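Spelled out, the chains give:
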Amino acid sequence: AQSVTQLDSQVPVFEEAPVELRCNYSSSVSVYLFWYVQYPNQGLQLLLKYLSGSTLVKGINGFEAEFNKSQTSFHLRKPSVHISDTAEYFCAVILSGGYNKLIFGAGTRLAVHP
Amino acid sequence: DAGITQSPRYKITETGRQVTLMCHQTWSHSYMFWYRQDLGHGLRLIYYSAAADITDKGEVPDGYVVSRSKTENFPLTLESATRSQTSVYFCASSDRWGEATESFFGQGTRLTVV
């Protein structure tokens with residue numbers, strides 16, 4: 001069965017510190033990888049995605065993620081966070097041939113403190 | 001307004017009642033999806049549609065019914081609401097052209113079943 005595991009349910013961090021949100025997946029078929037962000041009382045917004053090519057993917061708001069096929073991971077990083085980055089972050093996959101259906105992890109709540 | 005809109009934003013209903021959540025998109029996207037968001041589970045797919053009059057079950061379809069008579073609308077009906085269906089519901093759409101294209105999400109409907 002395919003699954004997505006976000007290893008931390010909550011990540012507290014101080015403003016201007018670096019952060020890494022971890023994501024691992026398991027699948028018997030090829031996958032496409034995504035990170036979405038959800039700000040309070042809003043829908044989800046795409047941060048970045050990996051379809052193919054370079055394993056380092058840059059997204060919006062200074063975020064980047066690296067696809068590691070051998071470790072089946074797709075960790076999200078930002079070198080310096082802002083208060084405005086406080087949100088819920090979801091890692092998700094689409095299976096190859098999967099009609100764009102997203103399979104989500106449980107989410108990581110990033111709390112940035114002054 | 002262009003985009004994807006859900007209505008109502010908030011709904012309280014009683015156990016056993018039928019309730020319909022509406023979703024409308026203006027992009028003429030082929031794919032549409034309904035997800036529910038619950039703490040500790042992330043978002044889980046309820047139903048999806050590849051085109052008008054084509055729908056299929058997702059991960060958690062029991063107790064829900066969908067229809068798609070027009071490309072732009074994808075209503076979700078709870079035939080007899082139960083407390084376990086208290087959740088935040090998100091509608092999403094994506095273009096079918098190109099594999100693993102981005103999904104665009106509505107603002108969500110917070111449903112409480114009492």
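All figures in this text were calculated on a predicted structure; none of them were measured in a lab.

Caption draft 1: Representation of the overall build of chain B within the structure. Looking only at helices and strands, chain B has 0 helices and 11 strands in total. Order of helices (α) and strands (β) in chain B, N terminus to C terminus: β-β-β-β-β-β-β-β-β-β-β. For a compact globule of 114 residues, the expected C-alpha radius of gyration is about 13 Å, and chain B comes in at 13 Å, within 12% of that figure. Taken over the C-alpha atoms alone, chain B extends approximately 40 × 25 × 25 Å along its principal axes.

Caption draft 2: Representation of the overall build of chain A in the model. For chain A, the helix and strand inventory stands at 0 helices and 12 strands. If you list the helices and strands of chain A from N to C, you get β-β-β-β-β-β-β-β-β-β-β-β. For a compact globule of 114 residues, the expected C-alpha radius of gyration is about 13 Å, and chain A comes in at 14 Å, within 12% of that figure. Taking the principal axes of the C-alpha coordinates as reference, chain A spans close to 45 × 30 × 20 Å. About 5,400 Å² of surface is accessible on chain A, with carbon and sulfur atoms providing 50% of the total. Averaging the coordinates of the 8 positive side-chain charges in chain A and doing the same for the 8 negative ones gives two points 11 Å apart.

Caption draft 3: The arrangement of the nonpolar core in detail. With 29 residues, the main nonpolar core has Trp-35, Leu-48, Leu-76 and Tyr-89 of chain A as its most contacted residues. Of the residues forming this core, the biggest block, 5 residues, is contributed by strand β10 (residues 87–95) of chain A. Dropping the residues within four chain positions of it, Leu-48 of chain A is found in contact with Leu-33, Phe-34, Trp-35, Val-57, Lys-58, Gly-59, Phe-63, Glu-64, Ala-65, Phe-74 and Leu-76 of chain A. Residues Leu-46 and Leu-102 of chain A together with Leu-45 and Tyr-48 of chain B belong to the second largest nonpolar core, which totals 22 residues.

Caption draft 4: Expanded view of the packing of aromatic side chains. A complete count under the given rule lists 14 aromatic pairs over all chains for this structure. Geometrically, the ring pair formed by Tyr-31 of chain B and Phe-33 of chain B is tilted, given 6.3 Å between the ring centres and 40° between the ring planes. The burial state of Tyr-31 of chain B is the same as that of Phe-33 of chain B; both residues are buried. One aromatic cluster is present, built from ring pairs that chain together Phe-34, Tyr-36, Phe-90 and Phe-104 of chain A together with Tyr-31, Phe-33, Tyr-35 and Phe-105 of chain B.

Caption draft 5: Molecular detail of the layout of surface pockets. What the largest pocket holds in volume is close to 530 Å³. If you go around the largest pocket, you meet 25 residues; those closest to its centre are Gln-38, Glu-88 and Arg-109 of chain A together with Gln-37 and Arg-110 of chain B. Counting only elements with at least two residues in the lining of the largest pocket, the list comes to β10 of chain A together with β4 (31–38), β9 (87–94) and β11 (109–113) of chain B. The dominant element in the lining of the largest pocket, judged by the number of residues it contributes, is β10 of chain A, at 3 residues. Residues that form the lining of the largest pocket fall into these classes: 9 nonpolar, 11 polar and 5 charged. Lining the second largest pocket are 20 residues, with Leu-102, Ile-103 and Phe-104 of chain A together with Leu-45 and Glu-59 of chain B positioned closest to its centre.

Caption draft 6: A look at the pairing of strand β1 (residues 3–6) of chain A. Residue and element names in this part refer to chain A. On β1, burial follows the alternation: Val-4 and Gln-6 on one face are buried, whereas Ser-3 and Thr-5 on the facing-out side are not. For β1 and strand β4 (residues 23–26), the ladder comprises 4 bridges, and the chain directions are antiparallel. Bridge assignment links Val-4 to a residue of β4, and that residue is Tyr-25.

Caption draft 7: Representation of the interface of chain B and chain A in the model. With 22 residues of chain B at the contact, the number on the chain A side is 22 residues. The interface formed by chain B and chain A contains 6 residue pairs in polar contact (both at pLDDT 80 or more). Counting only elements with at least two residues in the side of chain B that touches chain A, the list comes to β4, β5 (42–51) and β9 of chain B. Grouping the constituent residues of the side of chain B that touches chain A by class yields 9 nonpolar, 9 polar and 4 charged.

What counts, and where the lines are drawn
- Residues numbered from 1 in each chain as written.
- Chains lettered and ligands numbered in written order.
- Predicted model: local features only at pLDDT ≥ 70, side-chain atom pairs only at ≥ 80, totals over all residues.
- Heavy atoms only, no water.
- Helix = DSSP H or I, 4+ residues; strand = E, 2+ residues; numbered from the N terminus.
- Rg over C-alpha atoms; globule rule 2.2 N^0.38 Å.
- Areas by Shrake-Rupley, 256 points an atom, 1.4 Å probe, with all protein chains shown as cover.
- Lys, Arg positive; Asp, Glu negative; His and termini not counted.
- Charge placed at Lys NZ, Arg CZ, Asp CG, Glu CD.
- Core = buried A, V, L, I, M, F, W, Y, C linked by side-chain atoms within 4.5 Å.
- Buried < 20%, exposed > 50% of the residue type's maximum accessible area, 1.4 Å probe, protein only.
- Contact = heavy atoms within 4.5 Å.
- Phe/Tyr/Trp six-rings, centres within 6.5 Å; stacked < 30°, edge-to-face > 60°.
- 1 Å grid on protein atoms, 1.4 Å probe; cavity = no way out; pocket = protein on both sides within 12 Å on 5 of 7 lines; lining within 4 Å.
- Points joined across faces, edges and corners; volume = space filled by probe spheres on them.
- Nonpolar A, V, L, I, M, F, W, Y, C, P; charged D, E, K, R; others polar.
- Pairing = 2+ DSSP bridges.
- Polar contact = N/O pair within 3.5 Å; in protein donor to acceptor, adjacent residues only side chain to side chain.

Read these as geometric descriptors, not functional statements.
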